[in-house]
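The residues making up each chain are set out below.
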Amino acid sequence: MSAASHAARDPFVYMLAAILCINYIDRGLLPVAGALVQKDLGLEPHQLGLLFSAFWWTYAVVQIPVGWVAERFGAHRVLAAGLVLWAASTTIFGVASGFAALFALRLLLGLGESVGFPSVSKLVAQAVPIGGLGTANGIIAFGFLFGPAIGTFLGGYAMAFFGWRATFVGFGFLSLLWLWPWSRTPKSDSLRRTPARTWPAYRKILRQRSLWGTGLGLFSMNYGFYFILSWLPYYLVHERGFSTAHMARIASVAYLVTAASAFCAGWILDRFVGGAHSKSVAYKSIMAIASVGSVACMVAMAVGSWPIVLASIFIYQVIGGAATPGVYAIPQILAGPAATGRWVGIHNSLGNFAGIVAPAVTGFIIQATGHFTAAFLVAGAVSALGLIGWVAMLPSLAPLDWGHPPAPSAEALVEV
């Protein structure tokens, strides 16, 4: 069986996709509820923007230590602990009142959800051969990109019928159900922790130009992605006049298109792109096309008529989804099993500062101008940075030589 086929049938990969799906459902509930929360609590647009961005303040900052913790104590345990923390934050958000309390809970949510990508990437790098990374990351990307579709559609309808508070409480409790099948999913002994003797020093990782390239590339992608994720529901309701239910249908379909695009791109990369050189060209080409396409789509959304805006939203979702498997496959290839947890921690920390900046900047732009036009243009300008990060700063994709034996491979599966 090929590496790609093995990854496509591995329940371990699907459990990782499931937890990131839950991760994105819970973080995306506030954008769906934004208009309702604002009306209920009398918040100003800039306060709503700060609530959107508060999540990223902790999420981005703690990525680096989380990468170390995942390698030191076992990424599978760290994932479970993080889920408990963010599910509790989601539940309590539904009963809290006042801007300060909601802001604190968004910080706590960011802390809990910060375990997701460093831990998942560490586990994938240990368990999946390079030939299956496109498929594995495509499946996982489908999971976390499908999360906003589920959260927007089900969350939007639940809020329309039961209110935003009951929806947060219900989704928080449902998130905990993942723990039971995870406790019964077969895992390799080598996934429990990475022996310290196999670790390259942090200073060696930080000297890699490609690390800063992937971080810049992710920042450029995330600015547009989090701008859309945070503000698209609000934009559709306030600037285009849709009801909450109608907004939920449009936004959820858009997110579903992103997820499907990511899954297909990962599958194609493993099955039809052979050889290390051609994989390198393919990954970098996709990232370049996504960067250029994002600029064009943001400009079109800023100045186009409603049919052009709608088409641009969906085109943006297609190209963004296609680039998503490469966001984590590229670091996994370069860093290898020994360093992926910490590499992705740094990579994600750099990239997710966009989550701090984009929602807050957009909130202030909307308050100052009363419209989204300038916000779309700023997102387009930031998207152009992806050409520097993903293309100019990356070498040919191949495992870096850390100067020591690689971490143990994942072979024999045992029940834990």
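The structure this text deals with has already been given above.
Let me begin by describing the structure that accompanies this report.

Definitions and limits used
- Residues numbered from 1 in each chain as written.
- Predicted model: local features only at pLDDT ≥ 70, side-chain atom pairs only at ≥ 80, totals over all residues.
- Heavy atoms only, no water.
- Helix = DSSP H or I, 4+ residues; strand = E, 2+ residues; numbered from the N terminus.
- Expected span 1.5 Å × (residues − 1).
- Bend = angle between axes of the 7 residues up to and from the residue.
- Buried < 20%, exposed > 50% of the residue type's maximum accessible area, 1.4 Å probe, protein only.
- Phe/Tyr/Trp six-rings, centres within 6.5 Å; stacked < 30°, edge-to-face > 60°.
- Lys NZ or Arg CZ within 6 Å of the ring centre and 35° of its normal.
- Polar contact = N/O pair within 3.5 Å; in protein donor to acceptor, adjacent residues only side chain to side chain.
- Contact = heavy atoms within 4.5 Å.
- Disulfide = S-S within 2.5 Å.
- Core = buried A, V, L, I, M, F, W, Y, C linked by side-chain atoms within 4.5 Å.
- Patch = residues over 30% accessible without salt bridge, like charges linked within 9 Å, V, L, I, M, F, W, Y side chains within 5 Å.
- Areas by Shrake-Rupley, 256 points an atom, 1.4 Å probe, with all protein chains shown as cover.
- Salt bridge = Lys/Arg side-chain N within 4 Å of Asp/Glu carboxyl O.
- Axes fitted to C-alpha atoms, helices over the stretch in contact; angles between N-to-C directions.
- Parallel < 35°, antiparallel > 145°, perpendicular 65-115°, else oblique.
- Left-handed = near helix turned anticlockwise from the far one by under 90°.

## Considering helix α16 (residues 306–369)
Its 64 residues place the ends of α16 only 19 Å apart at the C-alpha level, less than the 94 Å of an ideal helix rising 1.5 Å per residue. At Gly-336, α16 is bent by approximately 125 degrees, the largest bend along its length, and proline Pro-337 sits one to four residues beyond. Along α16, 46 of the 64 residues are buried, which leaves the element largely enclosed by surrounding structure. Gly-370, located one to two residues past α16, shows a positive phi value of around 80 degrees.

## A look at the packing of aromatic side chains
How two aromatic rings sit relative to each other is given by the distance of their centres and the angle of their planes. Evaluation of the coordinates by the stated rule reveals 28 aromatic pairs. For the ring pair Phe-142 and Phe-146, a centre distance of 5.3 Å and an interplane angle of 20 degrees mean the geometry is stacked. In this pair, Phe-142 and Phe-146 are both assigned in helix α9 (residues 133–162), four residues apart and thus about one turn of the helix distant. Residue classification places Phe-142 among the partly exposed residues on the basis of a relative accessible area of 29%. A relative accessible area of 27% means that Phe-146 is categorised as partly exposed. The residue whose ring lies beneath Arg-27 is Tyr-24, and the NZ or CZ to ring-centre distance is 3.9 Å.

## Some thoughts on the side chain of Asn-348
Note on placement: Asn-348 falls in helix α16. Polar contacts involving the side chain of Asn-348 include one to the side chain of Tyr-328, which spans 2.7 Å. Discounting chain neighbours no more than four positions away, the residues touching Asn-348 are Tyr-59, Gln-63, Phe-117, Pro-118, Leu-218 and Tyr-328.

## Notes on the state of the cysteines
Overall, the coordinates contain zero disulfides when judged by the stated rule. Its sulfur unpaired, Cys-264 is 17 Å from the next cysteine sulfur, which belongs to Cys-21. Residue Cys-264 is classed as partly exposed on the basis of its relative accessible area of 41%.

## A word on the nonpolar core
By size, the foremost hydrophobic cluster in this structure holds 125 residues, and its most contacted members are Leu-16, Ile-140, Trp-182, Phe-227, Met-301 and Phe-376. With 21 residues, the top contributor of residues to this core is α16.

## Observations regarding a nonpolar patch on the surface
Taken together, the side chains of Val-84, Phe-173 and Leu-176 present a nonpolar region at the surface, about 270 Å² in accessible area. Mapped onto the secondary structure, Phe-173 falls in helix α10 (residues 164–175).

## Remarks on the packing of helix α13 (residues 209–239) against helix α17 (residues 373–383)
Contact geometry of α13 with α17 gives a least axis separation of 8 Å together with a crossing angle of 160 degrees. As judged from the angle between their axes, α13 and α17 are roughly antiparallel. Handedness of the α13/α17 crossing: left-handed. Contact residues: α13 offers Phe-219, Ser-220, Tyr-223, Phe-227, Ile-228 and Tyr-235, while α17 offers Ala-375, Phe-376, Val-378, Ala-379, Val-382 and Ser-383.

## A few points about the pattern of salt bridges
Counting across every chain of the model gives four salt bridges. Ionic pairing is found between Lys-122 and Glu-71, a salt bridge with its closest N-O pair at 3.5 Å. In this pair, Lys-122 is assigned in helix α8 (residues 116–127) and Glu-71 in helix α5 (residues 63–73), connecting sequence segments 51 residues apart. The pair formed by Lys-122 and Glu-71 is uniform in burial state, with each residue classed as buried. The salt bridge involving Lys-279 is made with Asp-270; its shortest N-O contact spans 3.4 Å.

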